[in-house]
Amino acid sequence: MGGFPILTAMLAVPLIAAIACFFVEAKPARVIALAATLANLALGVLLWANYDIGGAQWQFQEEANLFAGFQYKLGIDGIALLLIILSVFLMPICILASWESIQKRVGEFMAAFLVMETLMIGVFAAQDLFLFYIFFEAGLIPMYLIIGIWGGADRIYASYKFFLYTLLGSVLMLIAMLWMVNQAGTTDIPTLMQYDFAPGAQTWLWLAFFASFAVKMPMWPVHTWLPDAHVQAPTAGSVILAGVLLKMGGYGFIRFSLPMFPEASAQFAWLVFALSMIAVVLTSLIALVQEDMKKLIAYSSVAHMAIVTVGLFAFNVQGLEGAMMVMLGHGLVSGALFLCVGVIYDRLHTREIDRYGGLSINMPKYALFFMLFTMASIGLPGTSNFVGEFLALAGIYQVSSWVTLVCTTGIILGAAYMLYLYWRVAFGIQKNEDAAAMSDLNVREWAILAPIAAAVLWMGVYPESFLAPMRKDIAALEARVARAAPEGDAQLAAGEPRRQAANAVAAPEHHGEDEGDH
Amino acid sequence: MQTSILLIVFLPLLAAIVGGLGNRALGNTVVKSLTTGALFVSCALSWPIFLGFLGWFGLSAETQVVPVMTWVQSGTLTFDWALRVDTLTAVMLVVITTVSALVHLYSWGYMEEDPDQPRFFAYLSLFTFAMLMLVTADNLVQMFFGWEGVGLASYLLIGFWFRKPSANKAAIKAFVVNRVGDLGFMLGIFGTYLVFQTTSIPEILAAAPGMSGSTIGFLGYRLQTMDILCILLFIGAMGKSAQLGLHTWLPDAMEGPTPVSALIHAATMVTAGVFMVCRLSPMFETAPVALGVVTFIGAATCFFAATIGTTQWDIKRVIAYSTCSQLGYMFFAAGVGAYGAAMFHLFTHAFFKALLFLGAGSVIHAMHHEQDMRYYGNLRKHIPLTFWAMMAGTLAITGVGVLYVFGFAGFYSKDAILEAAYARGTGLGNFAFWAGAFAALLTSFYSWRLMFLTFWGRPRWIESEHIQHSVHKTPEEAGEDTTGGYHPHESPASMLVPLGVLTLGAIFAGFLFTGDFIDSEAFWGGSIYYNENLIHALHGVPYWVKLTATFVMLTGFAIAWFAYIRDTSIPGKFVEQFRLVHAFVYNKWYFDELYHAVFVKPAFWLGRQFWLRGDKGLIDRFGPDGAAWAVAQGSAVAKRVQSGYLTSYALIMLLGLVAAITWVLM
């Protein structure tokens, strides 16, 4: 890439466009926002194309000293690369999704979104602890505004809840960061990832970070902000929230908790497992009884993110890679599901499931996309989510069969609530006249759903494109945490081989079944 | 051969994609021709491979693995897309492509008036693709891909008439119940990977004997490794093959169009579980307890489903329970180690059961969508071709034949299974033998009951609402003429040709292939575990064992004849006499009611409790809302303190001073 500061460029493009958006009318604001996000997508593709798989761990590094040891330092590894790609991929789709549905304060809305993009990329690219913190926390502000200004009827309550929850954890994280910098004498994240903190200190550092990441993730029981935020947010807000913001929690675990505090991570793995198991069962059951489409998908997100957390704390390659794949897949699929809700919400202005029905009659194209994303959400093989969930669960099985059993029930309950939703929305008779009169997808809507559909299938059929860039980083992480890895409950032990051929007929004295010796 | 394997598998996919996306733009005829054409090509390419493994007509074939591309590489967990074809797969290939091609053709006639034909044909082709991926899998994960793929297609096709609530319910039920089985399958794959560090089937089978006797921790217990792995995998098979406990979805799946029932819920998809056990037979052979479970579940299902089949009135439901029961035979055959016999029954069953379903479809077609056998009767004279086809199917399923001379398809395969169970000699083997023999009696009874009710007796058509609808008469208006003046028509050629082809299969499939499937180790070429001792013992069973199947078949026929031809008042009297037993059996042993009360209702109830009482009542109330309340209260107090009055500030200052002095003095 020569000396071109591509990461800075990716931060600057949306920021400049955001400033421009403030000063123009609605129409040019939309165009500017779309152009900027597309430009960033192009830069993202360039970034991916130039990323050297198997090369240096940190690539595209940039550095500038600011004040008092505080550095402007950027750089990415494969994990960050993929999350950046996810962000820049979803952004133009979000802008297009808001094209018609946002009619008030369009310039400000686009500006908030573009600032959001800068901050998201910043989170994944930052290599300085405090720089990360700033991006991580500042991301709250545009989302707070998006929900609070352009949201639904109950937007003020939802935005406050969102803000309070996420801020609460962050304060603890900041204190922990200050202590860490004081102790290690550096704010450089790659250095800190190799630094061995004393196990005693790790315990409370881990808890402080956990407070922040668990809320972002969100893990049970600090998840209740998510359904409200999703329900009230405009469609594009929900997409970014589900698609990227939730991934910051998982990214935090991968970047900070696991490599910096491996011993504490192992020590608290049981806590993560317990909360995740509860989340899978509880939120899936809750999703089953929802009457509001967005709430249902929001609760399903909590269940899916619980698979991410168990995968991360499996301490092995499959678990970590699976967790990453679930994050990417869920980012696409839940984003797409929110877009699907948005499409019909724009027509009928209600999220109530019962107001729809029989949509596959008047909206067959829509029904096809919705079916694909429903199946992807259920984790059907051949779609993105299967690869992730399968790997994550295969990883956790090596640690605990109980955790796997409980978490795998998610595939049963997931099928139940998603198919039940699909039935009530797309199948059945057209019981509501206004819903029956809705028109099928227009070109703009087609253009926002088709790319995600293609990506979902691509990830499901040939996930190697996504596994390859992070393989080395995951391996390094696994090597780093291996010393603390918990022992599995399988404990395979060789034994006296049983007589071959369980069904041997010739042996008259006794046969296979009698040997059922446990 | 490589190219033809690729074509066999991917042509149906291509047809499904083009036909499904093209849909109305391409039009009915184009999509139907495209999908049907693709399937006939696949079928034409499959037979030479199968005949090659048989070594007939100078053809030859050998085991091949056609790599397609990488799928997942994660640490040591790697699996690729690849197509494996050996004898076992070749058997499945001909079954799948033949029945699928015929069902495609049949649907031209059967779905003639449906407004959504392109979608239907695209789904059928999609199903065929997924099923082919399942049987050509070289690793467990690709098998799981096909497994879920056929589940998706089954869901879509059961719910094809998506306006009907019953169809939607049945579709969701099928998917969710199958997912319960898939939970076991997934855990089985995870466990297999943990133990063998691979998901490649040949590698697992090669390494399995070495793991015999080892133990593993599972859910806190220490268990025999191979037993627990095989049982977990078998739970997956139970779901897909509708075995006792996870069978409830199959009868409801009859909500789908009849060609779907024939293809998916009789000939192919539901046999995937049997295929899986046979594919992994060397692994199951190292797991005696697991095999015991397979035998027991198979035998119990074969008996249980047959009892229900004797009481149902819906023609499709009778055949559905019959399918469930026949799958039980296949499983206990595998359980006692006669994998060849299991596969043979799978093979013959595919032909005669598809024939019975398509024949039933032809009857339903002729009777204006009436499915209740109480309103049939005397159809033999009106739709003779369908009658003769159904007759062949019935002779095949009941196992009519003369020892050492000739028999219909089921005669060879079912007898081999019963003999194997007896020859196995264990307690479970004997249990399976007697359960199977009794189920054979019931099979014969319900099959002939179906035939007699449908094709013999006097017409009872006018009592059917569908017929009333068609002839615009009430039973009173029709009076003596119980036909109501309705004229059943024989089906069009597109439906009769598949019936004819399958009739040939039902008559000759057993006779032609018994030597290879049962007796030839060379034919299987190591693709299943071949137990030579068992086959010897099978041929050496006493004469009374060999004649048992024929004896019970004749008994069942005689009972049916007495009850439904000779004296038609017998069934009513019987029901009167054994009211409780009949109600229990007629209501399918109350499984649906039980599951509804134990799983479905509590799930919704719990969901509501967790939501309203948990999330809202506890977390929100004491979390964010509670915090907001506390802040509001606190600020109210603080507001009162900052009153602006000098006196109150002076008072606070004084109190503070006193407190400070006290603290210093102490």
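Predicted, not measured: the structure shown is a model, and the values here were computed from it.

Asker: Any chance you could explain the environment of Phe273 of chain A here in plain terms?
Answerer: All names here are of chain A. With respect to the helices, strands and loops of the structure, Phe273 is situated in helix α13 (residues 269-288). Sequence separation of Phe273 and Leu96 is 177 residues, and the distance between their C-alpha atoms is 39 Å. Not counting chain neighbours up to four residues away, the residues in contact with Phe273 comprise Val310, Phe313, Ile396, Val399 and Val403.

Asker: Just to check I follow, could you spell out the pattern of salt bridges for this structure?
Answerer: When their charged atoms lie close together, side chains carrying opposite charge are able to pair. Residues and elements named next belong to chain A. On inspection of all chains with the given rule, the structure shows 25 salt bridges over all chains. Across the pair Arg483 and Asp196 runs a salt bridge, and its minimum N-O distance is 3.2 Å. Placement of Arg483 in the segment after α22 (464-481) and of Asp196 in the loop between α8 (189-194) and α9 (199-216) is noted, with a sequence separation of 287 residues between them. A relative accessible area of 47% means that Asp196 is categorised as partly exposed. Overlapping salt bridges, with partners in common, bring together Asp196, Glu263, Arg480 and Arg483 in one network.

Asker: In this structure, what is going on with the interface of chain A and chain B? I would like to understand it.
Answerer: Buried accessible area, meaning the area lost when the parts come together, often serves as the stated size of an interface. At the junction of the two partners, chain A supplies 84 residues and chain B supplies 91 residues. Taking both partners together, chain A and chain B bury about 7400 Å²; carbon and sulfur atoms supply 68% of that area. Its salt-bridge partner being Asp620 of chain B, residue Lys161 of chain A comes within 2.8 Å of it at the nearest N-O pair. Linking chain A with chain B are 18 residue pairs in polar contact (both at pLDDT 80 or more). If you tally residues by element for the side of chain A that touches chain B, the top one is helix α19 (residues 401-426) of chain A, at 14 residues. Considering only residue class, the side of chain A that touches chain B consists of 51 nonpolar, 22 polar and 11 charged.

Asker: Just checking my understanding: could you explain a nonpolar patch on the surface for this structure?
Answerer: Together, Trp458, Val461 and Tyr462 of chain A together with Leu6, Val68 and Met69 of chain B line one region of the surface with nonpolar side chains, adding up to about 450 Å² of accessible area. Leu6 of chain B gets classed as partly exposed once you look at its relative accessible area, which sits at 31%.

Asker: How should I be thinking about the packing of helix α17 (residues 409-424) of chain B against helix α24 (residues 543-566) of chain B in this particular structure?
Answerer: The geometry of a pair of packed helices is captured by two quantities: the angle between their axes and the separation between those axes. All names here are of chain B. Put simply, α17 and α24 touch, their axes get as near as 10 Å, and they point 135° apart. The angle between α17 and α24 places the two elements in the oblique class. You can see that α17 and α24 cross each other, and the crossing is right-handed. Together, Phe411, Asp415, Leu418, Glu419 and Tyr422 of α17 and Trp544, Val545, Lys546, Ala549 and Thr550 of α24 make up the contact between the two elements. Looking at the contact of α17 with α24 residue by residue, the class counts come to six nonpolar, one polar and three charged.

Asker: Is there a simple way to explain the packing of aromatic side chains in this structure?
Answerer: One pair of aromatic rings is described through two measures. These are the centre distance and the angle between the planes. Residues and elements named next belong to chain B. Within this structure, the stated rule accounts for 102 aromatic pairs over all chains. Relative to Tyr412, the ring of Phe411 lies with its centre 5.2 Å away and its plane at 80°, an arrangement referred to as edge-to-face. In terms of burial, Phe411 and Tyr412 fall into one category: buried. Judged by centre distance (6.1 Å) and plane angle (80°), the rings of Phe433 and Trp544 are edge-to-face.

Asker: Please clarify how the pairing of strand β2 (residues 77-85) of chain B should be interpreted in this entry.
Answerer: Note on strand geometry: in a regular strand, side chains alternate between the two faces of the sheet. Residue and element names in this part refer to chain B. β2 sits mainly inside the fold: seven of its nine residues count as buried. Two elements, strand β1 (residues 64-74) and β2, share nine bridges in a ladder whose sense is antiparallel. In the strand pairing of β2, Val72 is matched with Phe79. If you look at the hairpin formed by β1 and β2, you'll find two residues sitting between the two strands, and Gly75 has a positive phi there, around 60°.

Scoring rules and cut-offs
- What you see as residue numbers is a count from 1 along each chain, following the sequence as written.
- Think of it this way: whatever chain is written first is A, whatever ligand is written first is 1, and the rest follow in order.
- Local features are withheld for residues below a pLDDT of 70 in this predicted model, meaning they are given only at 70 or higher, and side-chain atom pairs are given and counted only at 80 or more; totals for whole chains, interfaces and linings count all residues.
- The basis for every side-chain value is the complete set of non-hydrogen atoms in the structure, without hydrogens or water.
- Comment: elements are numbered from the N terminus, with helices defined as DSSP H or I runs of at least four residues and strands as E runs of at least two.
- Here, residues are in contact when the closest pair of their heavy atoms is within 4.5 Å.
- Here a salt bridge means any side-chain nitrogen of Lys or Arg lying within 4 Å of a carboxyl oxygen belonging to Asp or Glu.
- Buried means the residue's accessible area, taken with a 1.4 Å probe over protein chains only, is under 20% of the maximum for its type, while exposed means over 50%, and partly exposed covers the values in between.
- Values labelled buried area give the accessible surface lost by two parts on being combined, using a 1.4 Å probe and summing over both.
- In protein, a polar contact requires one atom able to donate a hydrogen and another able to accept it; more generally it is a pair of N or O atoms within 3.5 Å, and residues adjacent in sequence count only if both atoms are side-chain atoms.
- In this count, Pro and Cys sit with the nonpolar residues alongside Ala, Val, Leu, Ile, Met, Phe, Trp and Tyr, while Asp, Glu, Lys and Arg are called charged and the others, Gly among them, polar.
- The patches described consist of residues with a relative accessible area above 30% and no salt bridge, like charges being joined within 9 Å and nonpolar side chains (Val, Leu, Ile, Met, Phe, Trp, Tyr) within 5 Å.
- Note that accessible areas follow from Shrake-Rupley with a 1.4 Å probe, and for residues the cover is restricted to the protein chains shown.
- Only the stretch in contact is used when fitting a helix axis, every axis being a line fitted to C-alpha atoms; angles between N-to-C directions are given from 0 to 180 degrees.
- Just so you know how the angles are binned, under 35 degrees is roughly parallel, over 145 roughly antiparallel, 65 to 115 roughly perpendicular, and the rest oblique.
- The hand of a helix crossing depends on one turn: near helix anticlockwise from the far one by less than a right angle means left-handed, and clockwise means right-handed.
- Aromatic pairing here means that ring centres of Phe, Tyr or Trp (its six-membered ring) are within 6.5 Å. Orientation follows from the plane angle: under 30 degrees is stacked, over 60 is edge-to-face, and everything else is tilted.
- Strand pairing is defined by DSSP finding a minimum of two bridges between the two strands.

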